[in-house]
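# Fold and contact review
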Amino acid sequence: MSSIEVALVPTDTLLRALRVMERRGTSLLPVVGEKGGLVGLVSRAHILAAWKVDPLLPVALVMAAYEGRPRPGSEYPASW
């Protein structure tokens, strides 16, 4: 079994995600939950698409937008 060397948590911002990607030279990062289990992936393309809304958005919102989950009461569109 392999371990995840670098991962984000759902509350990490787009800004942090992009910085980690640039530092690691990757365009895809795993997102892990409280117990360390994989909850999703976030790509550079997804981050850049949502960047214009707000670079301080949490990656969880971007992941939700691409999963098509409804976000009641959110001011952000379902897709970026």
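Below is a summary of the structure that appears in this document. All of these numbers come straight from a predicted model, not from anything done at the bench. (Residues numbered from 1 in each chain as written. Predicted model: local features only at pLDDT ≥ 70, side-chain atom pairs only at ≥ 80, totals over all residues. Heavy atoms only, no water.)

## Examining the pairing of strand β1 (residues 28-32)
This is how it is decided: Relative accessible area decides the class of each residue, using a 1.4 Å probe on protein chains only: under 20% of the type maximum gives buried, over 50% gives exposed, and in between gives partly exposed. In DSSP terms, a helix is any run of H or I states spanning at least four residues, a strand is any run of E spanning at least two, and both are numbered starting from the N terminus. A pair of strands is labelled paired if DSSP reports no fewer than 2 bridges between them.
When you tally the buried positions in β1, you get four out of five residues, the bulk of the element. For β1 and strand β2 (residues 38-43), the ladder comprises five bridges, and the chain directions are antiparallel. Paired with leucine 29 across the bridge in β2 is valine 42.

## Concerning the packing of helix α1 (residues 14-24) against helix α2 (residues 44-51)
Stated formally: For helices, the fitted axis covers only the stretch in contact; all axes are lines through C-alpha atoms, and the angles between them, taken along N-to-C directions, range from 0 to 180 degrees. By the definition adopted for this analysis, an angle is roughly parallel if under 35 degrees, roughly antiparallel if over 145, roughly perpendicular if from 65 to 115, and oblique otherwise. By convention, the crossing between two helices is left-handed when the near helix turns anticlockwise from the far helix through less than a right angle, and right-handed when the turn is clockwise. Contact between two residues is taken to exist if any of their heavy atoms lie within 4.5 Å; hydrogens are not considered.
It is the contact of α1 with α2, at a shortest axis distance of 10 Å, that shows an interaxial angle of 140°. Here α1 is positioned oblique relative to α2, judged by the angle of their axes. For the crossing formed where α1 meets α2, the hand is left-handed. For the pair α1 and α2, contact is made by Leu14, Leu15, Ala17, Leu18, Met21 and Glu22 and by Arg44, Ile47, Leu48, Ala50 and Trp51, respectively.

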